[in-house]
Amino acid sequence: MPSDRRFWLFKSEPGSFSFADLKSRPGGIEPWDGVRNFQARNFLRDQVRVGDGVLFYHSSIPRPAVVGIARVARAGYPDPTAWDPTSRHFDPRSTPALPGWFMVDVQYERTFVHEVPLDELKHHPELAGMVLLQRSRLSVQPVTAAEWSFILRLGGIAPESI
DNA sequence: GCCAACGTTGGC
DNA sequence: GCCAACGTTGGC
């Protein structure tokens, strides 16, 4: 594993797009479009790199949880749904010449042996600094290497096996 | 379904 | 540039 690998947490409502949906995609790859928050956009455009680790989080369900991991298959590129008038993510301020929104591709990697629910994340002092617990609404957020390894172990995955 | 948190918009 | 209004997210 490259030492400069970064880690992220991506949120998705499983009713719209679930981790099982990701797994079933050809090659396990999904274009992560439609992000319309400036802070998340900046991460996608400037910080997220190929090979980075992604915690896949299911939100807006009775038991929100990290359910598995993915990796970044393609780094930031312009999100074409922004200039598609038929898209629910259409934004007329963004054009192919001057794109306003960015996306990455993610690829399925491993399903956790045990889901790690939000309630459990909250109860580990090691995770008290997680962005998820402080700015819960951010849909793409950084995770530290220590948080990554800790959460993988909670999920039943040996971090050194990834 | 409620509502708190908070990001975004727009009037001034 | 401030800030009130508004819209959205997401836990519960």
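Above: the structure in question.
The structure presented is a predicted model; accordingly, all values stated were derived computationally and were not measured. (Residues numbered from 1 in each chain as written. Chains lettered and ligands numbered in written order. Predicted model: local features only at pLDDT ≥ 70, side-chain atom pairs only at ≥ 80, totals over all residues. Heavy atoms only, no water.)

### Remarks on the protein's contact with DNA strand C
Then, in step 1: Lys 11, Tyr 57, Ser 59, Ser 60, Pro 64, Leu 118, Lys 122, Ser 136 and Arg 137 make up every residue found near DNA strand C.
Then, in step 2: What you see for DNA strand C is that sugar and phosphate hold 82% of its atoms within 4 Å of the protein.
Then, in step 3: Taking Ser 60, its main chain carries an N or O atom lying 3.0 Å from a phosphate oxygen of DNA strand C.
Then, in step 4: Looking at the surface near DNA strand C, its residues break down into three nonpolar, three polar and three charged. (Near = heavy atom within 4 Å. Polar contact = N/O pair within 3.5 Å; in protein donor to acceptor, adjacent residues only side chain to side chain. Nonpolar A, V, L, I, M, F, W, Y, C, P; charged D, E, K, R; others polar.)

### Some points on the layout of surface pockets
Then, in step 1: As a volume, the largest pocket reaches approximately 700 Å³.
Then, in step 2: Looking at the largest pocket, it is lined by 21 residues, and the ones nearest its centre are Lys 11, Asp 33, Gly 34, Val 35 and Ser 139.
Then, in step 3: Of all the secondary structure elements, the ones that give two or more residues to the lining of the largest pocket are β1 (7–12) and β2 (29–32).
Then, in step 4: Top element by residues in the lining of the largest pocket is β2. It accounts for three residues.
Then, in step 5: Taken together, the residues that form the lining of the largest pocket break down as five nonpolar, eight polar and eight charged. (1 Å grid on protein atoms, 1.4 Å probe; cavity = no way out; pocket = protein on both sides within 12 Å on 5 of 7 lines; lining within 4 Å. Points joined across faces, edges and corners; volume = space filled by probe spheres on them. Helix = DSSP H or I, 4+ residues; strand = E, 2+ residues; numbered from the N terminus.)

### Here's the deal with the protein's contact with DNA strand B
Then, in step 1: All residues adjacent to DNA strand B are Asn 37, Phe 38, Arg 93, Gln 134 and Arg 137.
Then, in step 2: Counting only atoms of DNA strand B within 4 Å of the protein, the fraction found in sugar and phosphate groups is 68%.
Then, in step 3: Note that a phosphate oxygen of DNA strand B is positioned 3.2 Å from one of the side-chain N or O atoms of Arg 93.
Then, in step 4: In the environment of DNA strand B, a base oxygen lies 2.3 Å from a nitrogen or oxygen atom belonging to the side chain of Arg 137.
Then, in step 5: Considered class by class, the residues forming the surface near DNA strand B number one nonpolar, two polar and two charged.

### Describing the pairing of strand β3 (residues 53–58)
Then, in step 1: β3 sits mainly inside the fold: six of its six residues count as buried.
Then, in step 2: The pairing of β1 with β3 spans six bridges and is parallel. The residue bridging Ser 12 from the neighbouring strand is His 58, located in β3.
Then, in step 3: Linking β3 to strand β4 (residues 65–78), which pair antiparallel, is a turn of six residues; within it Ser 60 sits at a positive phi near 55°. (Buried < 20%, exposed > 50% of the residue type's maximum accessible area, 1.4 Å probe, protein only. Pairing = 2+ DSSP bridges.)

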